[in-house]
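# An overview of the molecular structure
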2 protein chains.
Amino acid sequence: MRIGDLAARAGVSVRSLRYYEEQGLLVSTRSPSGQRQYTDKEIGRVRFIQRLYGAGLSSRTIAELLPCVDSPTAQNADAAWTQLHQERDRITQHIEELTQARDALDQLIVINREHRSRLAAR
Amino acid sequence: MRIGDLAARAGVSVRSLRYYEEQGLLVSTRSPSGQRQYTDKEIGRVRFIQRLYGAGLSSRTIAELLPCVDSPTAQNADAAWTQLHQERDRITQHIEELTQARDALDQLIVINREHRSRLAAR
DNA sequence: CTTGCATCTGACGTCAATGTCAGGTCTTAG
DNA sequence: CTAAGACCTGACATTGACGTCAGATGCAAG
């Protein structure tokens, strides 16, 4: 599987895949001519990376986490434990912030509705 | 109240306040010598802006929303209605994504715990 | 009056993930 | 074989919300 196929099947750009490799998030074997070769399991890996990005993790954080998933050792498992809980807390807090912000927006929506009905009444 | 005080009391940087003004989110009166003067109510406004930023709104979107809050007219109220609902939906979706991502992280945490206990048993 | 801190404008720096372009090589369908 | 399209590396461009610096001016305390 070449890079364009993986990009299409994982729903990301070719540029992003090369960037992931540059950041150590993704590995590829190379054809004799130097073209990247992927197997089907990379699709899942890329989607997984995407989800972590979606959660707001940086490529650096992801790069620190992935080795622990790939081949757990005592050291990286301990380091990962800290990271994982930090990120989990961060996400939880972010969700709370967003919920509050959405509540604020809802108040604006109420105000807006009042304005609209008042203006429409003229 | 000068810009440094407002910055301190609203919990943002002086640079940010000037940026907000540049983006049309904040207005200031000027002293004869050109220094920005603020009243206490700007504190709430800045905090409000911060919450919208926290919700992921861009300065452009905020700039489009604020006039409707400040002085509602038929036109901006209609435009704002669309914006508000779009942003509300976006936030809701974002919350869902984050929740999913947190679930994914929780699975990693479980895996990590297994690794740790397995490694600790040696 | 001076010293030192706050403020002003304007401009360039930053960071992260990606877009985009250039100039060259590979692969594949016809 | 050839042309088109995918791929390669390397590099510069982009976006947004600021940080930071320079050089000039304002302001309050001693």
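Throughout this description, residue numbers start from 1 for each chain and increase along the sequence as written. Labels are handed out in written order, letters beginning with A for the chains and numbers beginning with 1 for the ligands. In keeping with the model being predicted, local features are shown solely for residues with a pLDDT of at least 70 and side-chain atom pairs are shown and tallied solely at 80 or more, while totals for entire chains, interfaces and linings include all residues. Side-chain numbers come from the whole structure's heavy atoms, not from hydrogens or water.

### Describing the domain arrangement of chain A
How we decide: Residue ranges for the domains originate in an automatic or database domain assignment.
We note that the domain assignment places domain 1 (1-59) and domain 2 (72-122) within chain A. Distance from the C-alpha centre of domain 1 of chain A to the C-alpha centre of domain 2 of chain A: 29 Å.

### Description of helix H3 (residues 41-54) of chain A
All names here are of chain A. For clarity, the threshold we go by: Secondary structure elements are defined from DSSP: runs of H or I of at least 4 residues count as helices, runs of E of at least 2 residues count as strands, and each element is numbered from the N terminus. A helix is expected to reach a length of 1.5 Å times the quantity of its residues less one. For every residue, the accessible area (1.4 Å probe, protein chains only) is compared with the maximum for its type, and the residue is labelled buried under 20%, exposed over 50%, or partly exposed between those bounds.
The end-to-end C-alpha separation of H3 is 20 Å, in line with the 20 Å expected for 14 residues at 1.5 Å each. Looking only at H3, the buried set comprises Glu42, Ile43, Val46, Ile49 and Leu52. Note on H3: the residue one or two positions beyond its end, Gly56, has a positive phi of about 95°.

### Description of the relation of the copies chain B and chain A
Short version of the rule: Residues reaching a pLDDT of at least 70 in both copies supply the C-alpha atoms on which the copies are superposed by least squares. Whether two residues are in contact is decided by their heavy atoms, any of which lying within 4.5 Å being enough.
For the pair chain B and chain A, the relating rotation is 180°, the translation along its axis is 0.0 Å, and the fit reaches an RMSD of 0.1 Å. Seen this way, the second copy is the image of the first under a two-fold rotation axis. Nearest to the rotation axis, the C-alpha of B:Ile95 is located 3.0 Å from it, this being the minimum over chain B. Of the residues that chain B buries at the interface, 100% are likewise interface residues in chain A, meaning the two copies contact each other through the same surface.

### Quick word on the protein's contact with DNA strand C
Using the following cut-off: Here a residue counts as near a molecule or strand whenever at least one of its heavy atoms sits within 4 Å of it. N or O atoms closer than or at 3.5 Å make up a polar contact, with two conditions inside protein: a donor-capable atom paired with an acceptor-capable one, and, for residues adjacent in sequence, both atoms drawn from side chains. For this classification, Asp, Glu, Lys and Arg are treated as charged, while Ala, Val, Leu, Ile, Met, Phe, Trp, Tyr, Cys and Pro are nonpolar and the rest, including Gly, are polar.
Taken together, 20 residues form the shell around DNA strand C, and within it A:Ser13, A:Tyr19, A:Ser59, B:Gly4 and B:Arg18 come nearest. Put simply, 80% of the atoms of DNA strand C that lie within 4 Å of the protein are in sugar or phosphate. At 2.6 Å, a backbone N or O of B:Gly4 approaches a phosphate oxygen of DNA strand C. Interatomic distance of 2.4 Å between a side-chain N/O atom of B:Arg18 and a phosphate oxygen of DNA strand C. For the surface near DNA strand C, the secondary-structure elements that each account for two or more residues are helix H2 (14-22) of chain A together with helix H1 (3-10) and helix H2 (14-22) of chain B. Here the surface near DNA strand C is built from residues that sort into four nonpolar, nine polar and seven charged.

### What about the protein's contact with DNA strand D?
Inspection of the region around DNA strand D gives 19 residues, with A:Gly4, A:Arg18, B:Ser13, B:Ser16 and B:Ser59 positioned closest. Backbone atoms, meaning sugar and phosphate, form 77% of the atoms of DNA strand D found within 4 Å of the protein. In the environment of DNA strand D, a phosphate oxygen lies 2.6 Å from a nitrogen or oxygen atom belonging to the side chain of B:Ser13. With respect to DNA strand D, the side chain of B:Tyr19 contributes an N or O atom lying 3.0 Å from a phosphate oxygen. For the surface near DNA strand D, the leading source of residues is H2(B), giving four residues. Class assignment for the residues of the surface near DNA strand D results in four nonpolar, nine polar and six charged.

### Focus on the packing of aromatic side chains
Rule in force here: Ring pairs shown here join Phe, Tyr and Trp side chains whose ring centres sit within 6.5 Å, with only the six-membered ring taken for Trp; geometry is labelled stacked below 30 degrees between planes, edge-to-face above 60, and tilted in between.
Applying the stated criterion across every chain, the model contains four aromatic pairs over all chains. Considering the side-chain rings of B:Tyr20 and B:Tyr53, the 5.5 Å spacing of their centres and the 25° angle between planes classify their relative orientation as stacked. Pair noted here: B:Tyr20 is in helix H2 and B:Tyr53 is in helix H3 (residues 41-54), with a separation of 33 residues, a long-range link. With relative accessibility at 5%, the residue B:Tyr20 sits in the buried group. Aromatic rings pair up to connect A:Tyr19, A:Tyr20 and A:Tyr53 into one cluster.

### Some points on the packing of H1(B) against H2(B)
Residue and element names in this part refer to chain B. Rule in force here: Note on geometry: axes are lines fitted to C-alpha atoms, helical ones only across the stretch in contact, with angles between N-to-C directions running from 0 to 180 degrees. Should an angle lie under 35 degrees it is considered roughly parallel, over 145 roughly antiparallel, and from 65 to 115 roughly perpendicular; all remaining angles are considered oblique.
At a minimum axis distance of 8 Å, the contact between H1 and H2 shows a crossing angle of 105°. Relative to H2, the element H1 lies roughly perpendicular. Only Val14, Leu17 and Arg18 of H2 make contact with H1, whose side of the interface consists of Ile3, Gly4, Leu6 and Ala7. Here the residues of the contact of H1 with H2 are counted per class, giving five nonpolar, one polar and one charged.

### Concerning the interface of chain B and chain A
Bring the parts together and some accessible area is lost; that lost area is often taken as the interface size. What counts is decided by this rule: Two parts placed together each lose some accessible area under a 1.4 Å probe, and the buried area is that loss summed for both. For salt bridges, the criterion is a side-chain nitrogen of Lys or Arg within 4 Å of an Asp or Glu carboxyl oxygen.
At the interface, 35 residues of chain B touch 35 residues of chain A. With both sides pooled, the region where chain B packs onto chain A buries about 3600 Å², and carbon together with sulfur makes up 72% of that total. By the criterion of area lost to chain A, the three top residues of chain B are B:Leu98, B:Arg102 and B:Leu105, representing 17% of everything that side buries. In this assembly, chain B and chain A are joined by four salt bridges. Across the salt bridge formed by B:Asp106 and A:Arg88, the nearest N and O atoms sit 2.7 Å from each other. Joining chain B to chain A, the criterion identifies eight residue pairs in polar contact (both at pLDDT 80 or more). In terms of residue count, helix H5 (residues 74-120) of chain B provides more of the side of chain B that touches chain A than any other element does, 26 residues in total.

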